[in-house]
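Residue strings, one per chain:
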Amino acid sequence: APQADIALAERILGSELYQSGQFDAARPVLARALERYRHVFGPDNLYVALVLGHQADLESAAGDASLADRLYAEALPMKERYLDPDSPEVSYTLQRAGHHARRQGRTAEADRLLARAEANWATGRGADSQERRLASAERALARYALGDREAAADTLEAIWDRRDRTPGRSLAVLQLLVSEL
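The structure contained in this document is the topic of the report that follows. (Residues numbered from 1 in each chain as written. Predicted model: local features only at pLDDT ≥ 70, side-chain atom pairs only at ≥ 80, totals over all residues. Heavy atoms only, no water.)

1. Looking at the overall build of the protein chain
Within the protein chain one finds nine helices and zero strands. In sequence order, the protein chain lays out its α and β elements as α-α-α-α-α-α-α-α-α. Burial analysis of the protein chain (181 residues in total) assigns 42% to the buried set. Contacts spanning at least 24 positions in sequence make up 51% of the contacts within the protein chain whose residues lie at least 6 apart. Total accessible area on the protein chain stands at roughly 9,300 Å², and carbon and sulfur atoms take up 52% of it. (Helix = DSSP H or I, 4+ residues; strand = E, 2+ residues; numbered from the N terminus. Buried < 20%, exposed > 50% of the residue type's maximum accessible area, 1.4 Å probe, protein only. Contact = heavy atoms within 4.5 Å. Areas by Shrake-Rupley, 256 points an atom, 1.4 Å probe, with all protein chains shown as cover.)

As structure tokens, this is what we get:
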């Protein structure tokens, strides 16, 4: 089979292993996919960016923050070069990198990344899309952590339909979310 086809199968398998929590099994599979893609297409291409994104997500979930940071920093600009900036793949990477930054306590960076993800989802999928709402909720957590509770509550309120809102509900829900982290 052609090397690119093998790399595709490895990328899919590695992603499935990572998503099922089998980090140690996923790492070498994704590493082989990355090496094959670099061999076939060169060091800078969409396929390499996709694998780097999977590796970043894996390392973030596994707790290797430093490695995840480096992988996100390499994957995101590469994806932006080869895809529409509002593409779902770029939006997902922005959102996952923002989530990672927030979990590492880098809330200002998280807010910037999540604001971009939120805007991308609104442009690409619509302001009422589930993806945009999830990015907004994650951004509300970052804003809360930054100490801007009013902006956090406003962000959450913008997600909910007006008929379902009650005064203070957004802040109460946000406080509950934060207490669960």
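Now that the structure has been shown, we can carry on.
2. A word on the layout of surface pockets
Here the largest pocket defines a volume of roughly 300 Å³. Considering the residues around the largest pocket, the lining is formed by 14 residues, among which Tyr72, Gln95, Arg96, His99 and His100 are closest to the centre. For the lining of the largest pocket, the secondary-structure elements that each account for two or more residues are α3 (46-62), α5 (88-103) and α7 (130-145). Per-element tally for the lining of the largest pocket: the top contributor is α5, with six residues. When its residues are assigned to classes, the lining of the largest pocket shows five nonpolar, five polar and four charged. (1 Å grid on protein atoms, 1.4 Å probe; cavity = no way out; pocket = protein on both sides within 12 Å on 5 of 7 lines; lining within 4 Å. Points joined across faces, edges and corners; volume = space filled by probe spheres on them. Nonpolar A, V, L, I, M, F, W, Y, C, P; charged D, E, K, R; others polar.)

3. Overview of the side chain of Lys79
With respect to the helices and strands, the residue Lys79 is situated in helix α4 (residues 65-82). For Lys79, a relative accessible area of 0% puts it in the buried group. A polar side-chain atom of Lys79 sits 2.7 Å from a polar atom in the side chain of Thr93. Not counting residues up to four positions away in its chain, the partners in contact with Lys79 are Ala49, Leu50, Gly53, Glu89, Val90, Thr93 and Arg96. (Polar contact = N/O pair within 3.5 Å; in protein donor to acceptor, adjacent residues only side chain to side chain.)

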